[in-house]
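Breakdown of the fold
Residue-level listing of the chains:
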Amino acid sequence: MKIINNIQNLLKNFFLNSFIVLISLILSFYALEIYLLYKSGYSLFKDLNYQTPLEEWQSYPSSYIRTDTLKYISNQNNFVPLSGLSKQKIIVCNEGGFWSRYTSDRYGFNNPDNVWDKTFTDVVIVGDSFTEGACVNEYDTISSNLRKISDLNIINLGRGGTASLSHLALLSEYAPKNIKSIVWIYYENDVIDLDFELSSLTLKKYLNDEKFTQNLKYKQNFIDNLHLNDHKSLIKKLSKKDRNDEILRIYGTFNTDRYSYLKLYTLRNFIKERFFEKEKNIKKEKKYRLKFNQNFKTFKKIINIVNDNSLKNNIDFYFVYLSSRAKYAAGYDGKNYEDVINFTKDSNIKLIDMHDIFKKHPDPLSMFPFRRQLHYNEKGYKFVAENIYDFILKNKN
């Protein structure tokens, strides 16, 4: 009987101690989750409302290359609109817990409309969604920050969902004649995504014929109608619930689950990045290396065209290299980065290597929403703008 009582006491103590250890572990995990959330600046009470008119949602040029998806485009002689809806409140994306918005200019870009009225343009910026200013409001983009710290007249031709061939086309169609500088903002998928743009017969004409134009500046009404028809067709196809799900799928990479902290989302993400992300990203880069190599020759041709035209017209050409957040989370550079940097140096192009600058920053992940999203937060865009401005000033002296 005494033995049985001893065994029972041992089991009781074992289960009690196990329970205490388990509770302690759970509390420790949630303490870490709260700490990581606090460090990231996360708030559970951000504006997550996306019940807005679909006419205000962004449309991207890549949509109009997919002629098999948007059948009516195939009847327009492969016309590719490169800009968005003009003079419209545009909703872009949600990575920081709010839906970023801007009012588009007369050609559908993220600028104050009066930039087009000036007789001289100091800087034209071209690039993808980072250049456009994805997931921050219009006064926090790279171009807006440059306007804040200078008296330069700046035109932002950034468009989400574009790669280098579209950027060449954007300069051909929209860059004013009297410009001092071109800032080409490169993101690390721009070479890989070229194969998609090269499938467009229209875009390829910009590469093979420097005088080719679609005269897009004079077709804004037509472009607006294309975007509006696109939106209307999407509204008809989707129920209200499906519509919101589709909006979140396309635009809302922010984790909208208000109770994600109960699932230890941030802690799990932190562990995954620290121990598994580097190997994952190295494998991913190897997977896309072949595609990069196939497109790199075309990319170099595009950059050489812009650089040669800049030299011919006495325009300063600056090449800005932006890298993905994964590079800083995982801590590696990659062969694709080296190839692009070496090419720009060999071509004597003025290079602003933001990847190298970010690496030297004490906390590069603080430049991204909640330390885990794709695009920059307000701090990140400001940091890039300040470094671009400092570099331009140094090269003036």
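Residues numbered from 1 in each chain as written. Predicted model: local features only at pLDDT ≥ 70, side-chain atom pairs only at ≥ 80, totals over all residues. Heavy atoms only, no water.

**What about the pattern of salt bridges?**
With the rule as written, the count across this model stands at twelve salt bridges. The shortest N-O distance in the salt bridge between arginine 106 and aspartate 117 comes to 2.8 Å. A residue pair is termed long-range when its members are at least 10 positions apart, and arginine 106 in the loop between strand E2 (101-103) and strand E3 (121-126) and aspartate 117 in the loop between E2 and E3 qualify at eleven residues. We classify arginine 106 as partly exposed; its relative accessible area is 24%. Residue lysine 335 is joined to aspartate 339 by a salt bridge in which the shortest nitrogen-to-oxygen separation is 2.8 Å. Taken together, the residues span about one helical turn, with lysine 335 and aspartate 339 both in helix H11 (residues 335-346) at a distance of four residues. Relative accessible area serves as the criterion here: at 16%, aspartate 339 is assigned to the buried category. Counted as one network, the salt bridges with shared partners bring together Arg106, Asp113 and Asp117. (Salt bridge = Lys/Arg side-chain N within 4 Å of Asp/Glu carboxyl O. Helix = DSSP H or I, 4+ residues; strand = E, 2+ residues; numbered from the N terminus. Buried < 20%, exposed > 50% of the residue type's maximum accessible area, 1.4 Å probe, protein only.)

**Section: the confidence of the model for the protein chain**
Per-residue pLDDT for the protein chain averages 81, and the proportion of residues at 70 or more is 72%. Considering each helix and strand of the protein chain separately, the mean pLDDT is smallest for helix H8 (residues 240-251), with a value of 51, and largest for strand E4 (residues 154-156), with 98. When the criterion is pLDDT under 50, residues 41-55 qualifies, and its contacts beyond four places in sequence or with other chains add up to 48 contacts. Between residues 249-256, whose pLDDT stays under 50, and residues either more than four places distant or in other chains, the model counts 27 contacts. (pLDDT = per-residue confidence, 0-100. Contact = heavy atoms within 4.5 Å.)

**With respect to a nonpolar patch on the surface**
On the surface, Leu16, Phe19, Ile20, Leu22, Ile23, Ile26 and Leu27 cluster together into a nonpolar patch covering about 640 Å² of accessible area. As for its position among the elements, isoleucine 20 is in helix H1 (residues 2-40). When its relative accessible area of 44% is taken as the criterion, isoleucine 20 is described as partly exposed. (Patch = residues over 30% accessible without salt bridge, like charges linked within 9 Å, V, L, I, M, F, W, Y side chains within 5 Å. Areas by Shrake-Rupley, 256 points an atom, 1.4 Å probe, with all protein chains shown as cover.)

**Brief notes about the side chain of serine 150**
Locating serine 150 in the fold gives a position in the loop between helix H3 (142-148) and E4. Within the structure, serine 150 has its side chain in polar contact with the backbone oxygen of leucine 146 (distance 2.6 Å). Here the side chain of serine 150 touches leucine 152 through a polar contact of 3.3 Å, landing on its backbone nitrogen. (Polar contact = N/O pair within 3.5 Å; in protein donor to acceptor, adjacent residues only side chain to side chain.)

**Quick look at the packing of aromatic side chains**
For the coordinates displayed, the defined rule picks out 23 aromatic pairs. For the pair phenylalanine 79 and phenylalanine 222, a centre-to-centre distance of 5.0 Å together with 55 degrees between the ring planes defines the contact as tilted. Of the two residues, phenylalanine 79 is situated in the loop between H1 and strand E1 (89-91) and phenylalanine 222 in helix H7 (residues 220-237); the sequence distance between them amounts to 143 residues. In this structure an aromatic cluster arises from ring pairing among Tyr186, Phe292, Phe296, Phe299, Phe319, Tyr321, Tyr337 and Phe343. Note that lysine 350 overlies the ring of tyrosine 318, its terminal NZ or CZ placed 5.8 Å from the centroid. (Phe/Tyr/Trp six-rings, centres within 6.5 Å; stacked < 30°, edge-to-face > 60°. Lys NZ or Arg CZ within 6 Å of the ring centre and 35° of its normal.)

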